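# Fold and geometry: a report
Each chain, letter by letter, is given below.
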Amino acid sequence: MKPCDWLSEVDLSLANTLQLPARAAYFCAPATLNSLQDCLRQAHQEALAIQLLGGGSNVLLPEYLEGLVVHPALKQWWLEDQGDTLLAHVGAGVNWHSLVMATVEKGLWGIENLALIPGDCGAAPVQNIGAYGVELADVLEAVQVMHLADGHLAWLTAKECAFGYRESIFKAELLGKVVITRLVLRLKRHAAPVLGYGDLAQRLGENPSSLDVADAVCQVRSEKLPDPAQLANAGSFFKKPLVSAEQAKTLLEAYPAMPHFAQQNGTVKLAAGWLIDQCGLKGARFGAFGVHHRQALVLVHFGGGNRPELLAAAEQIAAEVKARFGVLLEIEPRLL
Ligand SMILES: Cc1cc2nc3c(=O)[nH]c(=O)nc-3n(C[C@H](O)[C@H](O)[C@H](O)COP(=O)(O)OP(=O)(O)OC[C@H]3O[C@@H](n4cnc5c(N)ncnc54)[C@H](O)[C@@H]3O)c2cc1C
């Protein structure tokens, strides 16, 4: 017998921002650690596979998810005063953008550049969310996780999370093994603006508040990125590729205008959107999907498509980039 708070045969097409057609055999949204533990225990008893789903803004869902989809709904968060800094303890089910706005409205600094990133806090460490020169790793102190196998709780320090560009231990050793239940972020009381990215600085006056920065970020993002509520998408569809310094040098000889960002480890990050654009694919249509006309990094869903069609379109785009630049594009959203 399934618990009464589990839903069965749940339509998830509006629970993923790409609006891919999807159903879950079972779905639950535990709001406390105890109910999450009960959920995991029950799933084991019933021999059901567990899939985690936050806000659905970084996933490619299949048409049918057998087993149990768990949507962590732990929504409490609070601040702990530590003098010059504060610790924000944040439940996995808190909406990320709401958290950003609540902290900047209190005058706190640290996550203002990450405003308007869709999704829940529990998924933020999975790909180490980042934007406008800031990554979650810059402010994250610790992550609380619950092990799916036996429901026990554990803490990981930021170092143990092994963060990299769009990478973490949650995509590697701990993939499919834990549910993130809480984040601890260190925020500052004193101004610490990071304005080096794009034209953020030009949009702001002198001594901006963290709220001003968050507002400017929201403005830039709204101008550049399609709103998933208006046009289904999952944000950047491809990661920015990292190439060797030698490959970057060769490419720059052929394409001197190519945007490139030297990394501390000697590799060079390229702009996937620019590479796609150079292949003449901005605005290109692939059946129900397309490359967004303003931001080539974003694939949009016009309706009526499915995951295999989307993956075929992505493959075609990646093949054109590979043929022209010799650079491999990797998909950013997670295939559940
Ligand atoms: C318009 C748009 C703009 C975006 N801009 C950015 C950006 O600027 N920078 C950026 O980094 N990302 C960006 N993204 C991607 C996305 O918003 C982030 O990756 C976000 O953190 C995903 O959160 P989510 O709750 O929607 O996760 P989901 O899509 O639900 O899940 C993502 C992955 O995390 C896993 N997961 C979810 N919850 C948990 C949990 N509690 N514990 C363990 N695993 C879990 C899922 O199983 C899945 O593998 C954008 C997306 C969109 C649609």
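Our subject in this report is the structure included herewith. All values derive from a computational prediction rather than experimental measurement. (Residues numbered from 1 in each chain as written. Predicted model: local features only at pLDDT ≥ 70, side-chain atom pairs only at ≥ 80, totals over all residues. Heavy atoms only, no water.)

## A word on the layout of surface pockets
Inclusion rule: Residues are called lining when one of their atoms sits within 4 Å of a cavity or pocket point, these points coming from a 1 Å grid over the protein atoms alone, where a cavity is a set in which a 1.4 Å probe fits but cannot get out and a pocket is an open set with protein on both sides within 12 Å along at least five of seven lines. Grid points are joined across faces, edges and corners, and a volume is the space filled by probe spheres set on the points. Here the term charged refers only to Asp, Glu, Lys and Arg, the term nonpolar to Ala, Val, Leu, Ile, Met, Phe, Trp, Tyr, Cys and Pro, and the term polar to all other amino acids, Gly among them.
Each pocket or cavity is described by its volume, and for the second largest pocket that value is around 190 Å³. What lines the second largest pocket is simply W109, G110, E112, V134, D138, V139, E141, R186, L187, K188, A192 and V194. Residues belonging to the lining of the second largest pocket are distributed by class as follows: six nonpolar, one polar and five charged.

## Here we look at unusual backbone geometry
Spelled out, the test is: By the criteria applied, helices consist of DSSP H or I runs no shorter than four residues and strands consist of E runs no shorter than two, each listed in order from the N terminus. Between buried and exposed lies partly exposed: a residue is buried under 20% and exposed over 50% of the maximum accessible area for its type, with that area taken using a 1.4 Å probe on protein chains only.
For L116, which is not a glycine, the phi torsion comes out positive at approximately 65°. Following the sequence through the fold, L116 ends up in the loop between α2 (96–105) and β8 (130–131). Note on L116: relative accessible area 31%, which makes it partly exposed. With a phi angle near 60°, R166 is a residue other than glycine that sits in the positive phi range. Among the secondary structure elements, R166 is positioned in the loop between β11 (153–157) and β12 (178–188).

## Overview of the sheet that holds strand β1 (residues 7–11)
Strand pairing within a sheet occurs via backbone hydrogen bonds; the two strands may be parallel or antiparallel. Quick reminder of the rule: When DSSP locates at least two bridges between a pair of strands, those strands are taken to pair. Lines fitted to C-alpha atoms define the axes, with helix axes restricted to the stretch in contact, and inter-axis angles between N-to-C directions lie between 0 and 180 degrees. Residues are treated as being in contact if the distance between any of their heavy atoms lies within 4.5 Å.
If you trace the four strands from one edge of the open sheet to the other, you get β1-β2-β5-β3, paired in mixed fashion. Of all the strands in the sheet, the pair left with one neighbour each is β1 and β3 (50–52). Strand-to-strand, the axes of this sheet are offset by a mean angle of 45°, without reference to chain direction. Alignment of β1 against strand β2 (residues 23–28), held across four bridges, turns out to be antiparallel. Residue pairing for β2: D11 is matched across the bridge by R23. Lying on the sheet, helix α1 (residues 33–45) is in contact with β2, β3 and β5 (64–70); it crosses β5 at an angle near 145°.

## Brief notes about the packing of aromatic side chains
What counts here: Here a pair means two rings of Phe, Tyr or Trp (six-membered ring of Trp) with centres within 6.5 Å. Their orientation is stacked below 30 degrees between planes, edge-to-face above 60, and tilted elsewhere. Comment: the charge-over-ring label is applied if NZ (Lys) or CZ (Arg) is within 6 Å of the ring centre and within 35 degrees of the ring normal.
Under the criterion given, the structure shown has six aromatic pairs. The interplanar angle of 80° and the centroid separation of 5.2 Å between the aromatic rings of Y132 and Y197 together place this pair among those described as edge-to-face. One end of the pair, Y132, is in the loop between β8 and β9 (134–135); the other, Y197, is in the loop between β12 and α3 (200–203), with 65 residues separating them in the sequence. Relative accessible area serves as the criterion here: at 38%, Y197 is assigned to the partly exposed category. Pairing Y255 with F325 gives two aromatic rings, centres 4.8 Å apart and planes at 55°, and the pair type is tilted. Highlighted residues: Y255 in the loop between α5 (245–254) and β15 (260–262) and F325 in helix α7 (residues 307–325), separated in sequence by 70 residues. For F325, a relative accessible area of 5% puts it in the buried group. When the ring centre of Y165 is taken as reference, the NZ or CZ atom of K269 above it lies at 3.9 Å.

## Describing the nonpolar core
To keep things clear, this is the line we draw: Buried Ala, Val, Leu, Ile, Met, Phe, Trp, Tyr and Cys residues form a nonpolar core when they are joined through side-chain atoms within 4.5 Å.
Core analysis: the biggest nonpolar cluster contains 44 residues, and W96, I111, F170 and L185 have the highest contact counts within it. At the level of elements, β7 (85–91), α2, β10 (140–147), β12 and α4 (210–224) are the ones that each hand at least two residues to this core. Here the element with the most residues in this core is α4; it accounts for six residues. Apart from residues lying up to four places away in sequence, I111 is in contact with W96, L99, V100, T103, V139, L185 and L187. Counting 36 residues, the second largest nonpolar core, distinct from the first, contains A271, A272, A313 and V327.

## Some points on the pattern of salt bridges
Formally: By convention in these notes, a salt bridge is any Lys or Arg side-chain nitrogen within 4 Å of a carboxyl oxygen on Asp or Glu.
According to the stated counting rule, one finds eleven salt bridges in the structure shown. As a salt-bridge pair, R41 and D38 come within 3.0 Å of each other at their nearest N and O atoms. Here R41 and its partner D38 are both found in helix α1, three residues apart, which amounts to about one turn of the helix. Judged by its relative accessible area of 42%, D38 falls in the partly exposed class. Note that E253 is salt-bridged to K249, the shortest N-O span being 3.9 Å. Of the two residues, E253 and K249 are both situated in helix α5; the distance of four residues between them amounts to about one turn of the helix. Classification of E253 as exposed rests on a relative accessible area of 58%. Residue classification places K249 among the exposed positions, given a relative accessible area of 55%.

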